[in-house]
Amino acid sequence: MAAPKALVAGNWKMNGLKASVQEIEDLQKLISEKNVHCDVLVCPPATLLAHAIEATKGSSIAIGGQDCHTARAGAHTGDISAEMLKDLGCSHVIVGHSERRSDHGEDNDMVRAKASAAQREGLVAIICVGETEAERDNGQTLAVVTEQVVASLPEEAEAINTIIAYEPVWAIGTGKTPTAADVAEVHAAIRSVLKERFGESGDEVRILYGGSVKPDNAAELMAVENVNGALVGGASLKAESFYGILQAYG
Ligand code: PGA
């Protein structure tokens, strides 16, 4: 079965003011001048979603949320539901990012419920997993990551509305990356879990690599078997560096 079309997703985290939407417009311009052979998604903070969706109308850039609540609506001050993201025009939402897992104590059960809420609304859930440095040092990487994938996948998830992002916690925002061989090993293990879960269509689920992806290491990381794109933090904030990463699929 052919590998799924790659997706490069930008996660702006808690960065960006209204003026930053210009970066998305600049990115659009760069893509229109020289096409890239991957899908492109930007996940700005919630405050910019409406602006970003407006700015990308009719373009090939998709817009997604960075998190959603497990419930559709209700008394949850400060939270945003998957239904709201869908209503706004988002196509994807990131769930279980390691910063959510650590800053907000989100465990696999919570992540699974969020992914389920997203998929119920017709969004694609980007479910993040990844080991800490201590877990890698203890040789627990594959056990931790596969357990996270199994436990974070909703029962009713389908290949079509599921993306897994493998992001080693120690590689996020640090400039450190695993070797290509290490990435290949983890992505192969995730692929096995997905095939066990979805059968043949487990091959169609995108597995993104994330953690210090930059223009100068993207081509090497994206060439690894079972790497179907990237989840990019810091380097997605500027159109030029994000476009530099997209060039891995140029
Ligand atoms: P980074 O973040 O690219 O800045 O390392 C990746 C992420 O957390 O998604």
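In what follows, the accompanying structure is described. (Residues numbered from 1 in each chain as written. Predicted model: local features only at pLDDT ≥ 70, side-chain atom pairs only at ≥ 80, totals over all residues. Heavy atoms only, no water.)

Contacts to the ligand come from 13 residues, most closely from Lys 13, His 97, Glu 167, Gly 173 and Ser 212. Within the side chain of His 97, an N or O atom sits 2.6 Å from an oxygen atom of the ligand. Within the backbone of Gly 173, a nitrogen or oxygen atom sits 2.6 Å from an oxygen atom of the ligand. Across the complex, the protein chains shield 97% of the 280 Å² of accessible surface that the ligand would expose by itself. For the shell around the ligand, the class distribution of residues is four nonpolar, seven polar and two charged. (Near = heavy atom within 4 Å. Polar contact = N/O pair within 3.5 Å; in protein donor to acceptor, adjacent residues only side chain to side chain. Areas by Shrake-Rupley, 256 points an atom, 1.4 Å probe, with all protein chains shown as cover. Nonpolar A, V, L, I, M, F, W, Y, C, P; charged D, E, K, R; others polar.)

Taken in spatial order, the eight strands of this closed barrel run E1-E2-E3-E4-E5-E6-E7-E8, and their pairing is parallel. Averaged over all adjacent pairs, the angle separating strand axes in this sheet is 25°, with direction ignored. The pairing of strand E1 (residues 7-11) with strand E2 (residues 39-43) spans five bridges and is classified as parallel. In the sheet register, Gly 10 faces E2, and the bridge partner there is Val 42. This element, helix H8 (residues 180-198), spans strand E5 (124-129), strand E6 (162-166) and strand E7 (206-210) of the sheet and lies at about 150° to E7. The strands that helix H10 (residues 239-246) touches are E1, E2 and strand E8 (229-232); relative to E1, the one it contacts most, it runs at about 155°. (Pairing = 2+ DSSP bridges. Helix = DSSP H or I, 4+ residues; strand = E, 2+ residues; numbered from the N terminus. Axes fitted to C-alpha atoms, helices over the stretch in contact; angles between N-to-C directions. Contact = heavy atoms within 4.5 Å.)

Bringing the pattern of salt bridges into the picture now. Applying the stated criterion across every chain, the model contains 17 salt bridges. We note a salt bridge from Asp 67 to Lys 114, for which the minimum N-O separation is 2.8 Å. Of this pair, Asp 67 sits in the loop between strand E3 (61-65) and helix H3 (82-88) while Lys 114 sits in helix H5 (residues 108-120), and the two are 47 residues apart along the sequence. Here Asp 67 matches Lys 114 in class, with each residue buried. (Salt bridge = Lys/Arg side-chain N within 4 Å of Asp/Glu carboxyl O. Buried < 20%, exposed > 50% of the residue type's maximum accessible area, 1.4 Å probe, protein only.)

Shape descriptors only; they carry no functional weight alone.
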